[in-house]
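# Tertiary structure, described
Residue-level listing of the chains:
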Amino acid sequence: MTVRIDWDRHPVSVHSEIKDELELLIVFLKTKHSIRKRSVVMDDRENGGYLFFIYQPCDPRWVAEFINSNGD
């Protein structure tokens, strides 16, 4: 699983080559950590692949938890 996050950007942007990975991450963050303020997954026109934005505080450990669980 390859997810790249730009924590220095406001709003935070989450990138991947695989759209389904981002969709699974969104579901995980919503159900496990109540992250609801985010964009839809869209084409990343600058770098290729896909991205979405998070519009509320998100702990980097939550994303690491998702990645370490292989999205399960």
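To keep things clear, this report deals only with the structure shown in the data block. (Residues numbered from 1 in each chain as written. Predicted model: local features only at pLDDT ≥ 70, side-chain atom pairs only at ≥ 80, totals over all residues. Heavy atoms only, no water.)

## Quick word on the overall build of the protein chain
Counting its regular elements, the protein chain contains two helices and four strands. The N-to-C order of helical and strand elements in the protein chain reads β-β-α-β-β-α. Dimensions of the protein chain, computed from the C-alpha atoms along their principal axes, are close to 30 × 25 × 20 Å. Among the 72 residues that make up the protein chain, the fraction classed as buried is 39%. Of the contacts formed within the protein chain by residues at least 6 apart in sequence, a portion of 48% connects residues at least 24 apart. A total of about 4,800 Å² of accessible surface is found on the protein chain, and carbon and sulfur atoms cover 49% of it. The distance from the centre of the 10 positive side-chain charges to the centre of the 12 negative ones in the protein chain is 8 Å. (Helix = DSSP H or I, 4+ residues; strand = E, 2+ residues; numbered from the N terminus. Buried < 20%, exposed > 50% of the residue type's maximum accessible area, 1.4 Å probe, protein only. Contact = heavy atoms within 4.5 Å. Areas by Shrake-Rupley, 256 points an atom, 1.4 Å probe, with all protein chains shown as cover. Lys, Arg positive; Asp, Glu negative; His and termini not counted. Charge placed at Lys NZ, Arg CZ, Asp CG, Glu CD.)

## Quick notes on the sheet that holds strand E4 (residues 50-54)
Here four strands make up an open sheet; going across it, the order is E1-E2-E4-E3 and the pairing antiparallel. Single-partner strands in this sheet number two, and they are strand E1 (4-6) and strand E3 (42-43). Of the pairings in the sheet, the one linking E3 to E4 comprises two bridges and is antiparallel in character. Across the sheet, residue Asp43 finds its bridge partner in E4, namely Tyr50. The strands that helix H1 (residues 19-33) touches are strand E2 (12-16) and E4; relative to E4, the one it contacts most, it runs at about 20°. (Pairing = 2+ DSSP bridges. Axes fitted to C-alpha atoms, helices over the stretch in contact; angles between N-to-C directions.)

## Side note on the nonpolar core
Core analysis: the biggest nonpolar cluster contains 16 residues, and Ile5, Val14, Leu25, Leu29, Phe52, Ile54 and Cys58 have the highest contact counts within it. At the level of secondary structure, the elements contributing two or more residues to this core comprise E2, H1, E4 and helix H2 (60-68). Here this core gets five residues from one element, more than from any other, and that element is H1. Other than its neighbours up to four places away in sequence, Ile5 contacts Val12, Ser13, Val14 and Val63. (Core = buried A, V, L, I, M, F, W, Y, C linked by side-chain atoms within 4.5 Å.)

## Comments concerning unusual backbone geometry
Between His10 and Pro11 the backbone carries a cis peptide bond, its omega angle lying at 5°. Relative to the elements of secondary structure, Pro11 occurs in the loop between E1 and E2. Despite not being glycine, Ser34 shows a phi value in the positive range, around 60°. Tracing the backbone shows Ser34 in the loop between H1 and E3. Taking the relative accessible area as the measure of exposure, Ser34 reaches 45% and is therefore partly exposed.

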